[in-house]
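Commentary on secondary and tertiary structure
The chain contents come next:
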Number of protein chains: 2
Amino acid sequence: MAPIVRVQNFMLSRDGFGSGEGQSLERPFGHADPAVLAGWMLATAHWPGRPEPGGTYGLDDYFTRDFANHVGAEIMGRNKFGPQRGPWEDHDWRGWWGDEPPFHTPVFVLTHHERPSFALGDTTFHFLEATPEDALARAMEAADGKDVRIGGGVATVREFLEADLIDTLHVVVVPTELGRGERLWHGPEDLLGRFHHEQVPSPSGVVHHLFWRR
Amino acid sequence: MAPIVRVQNFMLSRDGFGSGEGQSLERPFGHADPAVLAGWMLATAHWPGRPEPGGTYGLDDYFTRDFANHVGAEIMGRNKFGPQRGPWEDHDWRGWWGDEPPFHTPVFVLTHHERPSFALGDTTFHFLEATPEDALARAMEAADGKDVRIGGGVATVREFLEADLIDTLHVVVVPTELGRGERLWHGPEDLLGRFHHEQVPSPSGVVHHLFWRR
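What this report covers is the structure whose coordinates are included nearby. Keep in mind the model is a prediction, meaning the values are calculated, not measured.

Residues of helix α6 (residues 154-162) of chain A that are buried include every one of Val154(A), Thr156(A), Val157(A), Phe160(A) and Leu161(A), and no others. Projected onto a plane normal to the axis of α6(A), the buried residues spread over an arc of 165° and lie on a single side.

Here we take up the packing of aromatic side chains. How two aromatic rings sit relative to each other is set out by the distance from centre to centre and by the angle between their planes. Residue and element names in this part refer to chain B. Under the definition given, this model contains 28 aromatic pairs over all chains. With centroids separated by 5.8 Å and ring planes inclined at 75°, the aromatic side chains of Trp88 and Phe127 adopt a geometry described as edge-to-face. Of the two residues, Trp88 sits in the loop between α4 (78-81) and β4 (106-110) while Phe127 sits in strand β6 (residues 123-128), which places them 39 residues apart along the sequence. Note on Trp88: relative accessible area 13%, which makes it buried.

For the rest of this paragraph, the subject is the relation of the copies chain A and chain B. Relating one copy of the chain to the other takes a rotation about an axis and a shift parallel to that axis. Once chain A is rotated about the relating axis by 180° and shifted along it by 0.0 Å, it coincides with chain B to within an RMSD of 0.0 Å. This pairing of chains is accounted for by a two-fold axis.

Pairing within the open sheet is mixed, and its nine strands lie in the order β5-β6-β4-β3-β7-β1-β8-β11-β10 (chain B). Here the strands that pair on one side only, and so sit at the sheet edges, are β5 (118-120) and β10 (195-201) of chain B. Pairs of neighbouring strands in the sheet enclose a mean axial angle of 20°, with direction left out of account. Note: strand β1 (residues 5-13) of chain B against strand β8 (residues 168-174) of chain B, six bridges, orientation parallel. Following the sheet pairing, Met11(B) is matched in β8(B) by Val172(B). Across the face of the sheet, helix α3 (residues 59-66) of chain A comes into contact with β1, β8, β10 and β11 (207-213) of chain B while running at roughly 125° to β1(B).

Let us look at unusual backbone geometry. All names here are of chain A. A cis amide bond, omega 0°, links Gly152 with the succeeding residue Gly153. Looking at the element boundaries, Gly153 is found in the loop between β7 (147-152) and α6. One non-glycine residue, His70, adopts positive backbone phi at about 60°. Within the fold, His70 resides in the loop between α3 and β3 (71-77).

What follows is about the interface of chain A and chain B. The partner chain B presents 23 residues to the 23 residues of chain A that form the contact. The junction of chain A with chain B conceals about 2,000 Å² of combined surface from both sides, 67% of it contributed by carbon and sulfur atoms. Summed over the shared surface of chain A and chain B, the number is two salt bridges. Across the pair Asp66(A) and Arg65(B) runs a salt bridge whose closest N-O atoms are separated by 2.5 Å. Where chain A touches chain B, the interface holds six residue pairs in polar contact (both at pLDDT 80 or more).

On to the nonpolar core, then. Residues Trp40(A), Leu59(A), Trp40(B) and Leu59(B) are the most contacted members of the largest nonpolar core, which totals 32 residues. Of all the secondary structure elements, the ones that give two or more residues to this core are α2 (39-42), α3 and β8 (168-174) of chain A together with α2 (39-42), α3 (59-66) and β8 of chain B. With residues near it in sequence (within four places) discarded, Leu59(A) still touches Val200(A), Pro201(A), Ser202(A), His208(A), Leu59(B), Phe63(B), Glu198(B), Val200(B) and Leu210(B).

Parameters and conventions
Residues numbered from 1 in each chain as written. Chains lettered and ligands numbered in written order. Predicted model: local features only at pLDDT ≥ 70, side-chain atom pairs only at ≥ 80, totals over all residues. Heavy atoms only, no water. Buried < 20%, exposed > 50% of the residue type's maximum accessible area, 1.4 Å probe, protein only. Helix = DSSP H or I, 4+ residues; strand = E, 2+ residues; numbered from the N terminus. Arc of directions from axis to C-beta. Phe/Tyr/Trp six-rings, centres within 6.5 Å; stacked < 30°, edge-to-face > 60°. Least-squares fit on C-alpha atoms with pLDDT ≥ 70 in both. Pairing = 2+ DSSP bridges. Axes fitted to C-alpha atoms, helices over the stretch in contact; angles between N-to-C directions. Contact = heavy atoms within 4.5 Å. Buried area = accessible area lost by both parts, 1.4 Å probe. Salt bridge = Lys/Arg side-chain N within 4 Å of Asp/Glu carboxyl O. Polar contact = N/O pair within 3.5 Å; in protein donor to acceptor, adjacent residues only side chain to side chain. Core = buried A, V, L, I, M, F, W, Y, C linked by side-chain atoms within 4.5 Å.

All quantities given are derived from atomic positions and should not be read as evidence of function.
Pasting the structure below:
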């Protein structure tokens, strides 16, 4: 399979928000509760953060474990790396993903304020001021024949959608309302012009939306 | 994740048959049409036999591409290797999987008539007269930390179910009736005593059944 550009396990509230308002160091998703957005994943057997064996092997688990399959690099926006705005003031702070980030590949962080690359576990963060096209070219090269995941947040996914660079999307709609924050869509019909669409309700209550290029 | 024992992408008619009656060299599934049983998979982007790029990236594709993920060995019954019964008469005939079998791992063929191992592409076939427990021990060792797939056919899946050696099953029920042949179940309720169950209808018309140990 030729490598593709994927949005994977991207979580939205029923009203279309990927994160709430008021991002801060303590609240990466603003007023949204990440445990509510990610609850479907936290229940599965393959959630990497699971403290002990157990968890479900149903539909949600297929998506959870597909997160890393055949992915060779991720591109994310700066706000998925940390809450800072403007020039970096503290290079010792290395993102809110901990000492073993769940990416395990090169990660390209889009920012107007570059800083030196560094590795945490088997994830390497690179900081890049670049157009979506140029960032993707870098990520594709680093992915070495595997896929590139567009990791979010909402602004980054929108930017790559607008540049028509995304081949497939997996969006998880969670039965909660956020009312305000970063909005991806008013509904999946926003994307139907360019993508095929399947909607798969999970017994857990979330709905998996799958899109692929027409 | 500790390795598990999986049945994966196992196809059944709506009346519970995995293959028809009258297996022969020309008709591996007897009177059943394999293109009907496997149609859901043949339409997907990740079907390995796809002659050119294309195909769907919806729900069915997730299952198609999960076939090989984290699988390190397969165990199959003799009738999945070939139609012969009794002692082998022709060692030059090397199974109906072609020069590049789709397994890409060691495959253990259960038979009362052993024969020398051989490799085709990156698949190696071993022939074993063994209990399910002993065959699984061999396959687990060969899988080297990855999962073991119980590949079928029906008799082999039933044997491993009876020995309580299966951790998860993915069964695809196809909207066709066979009436006779090798029957796995009268319905998914046959397995509910020992397994959790989710039933996921696909837009293609098949229904994916997911089971995992209670």
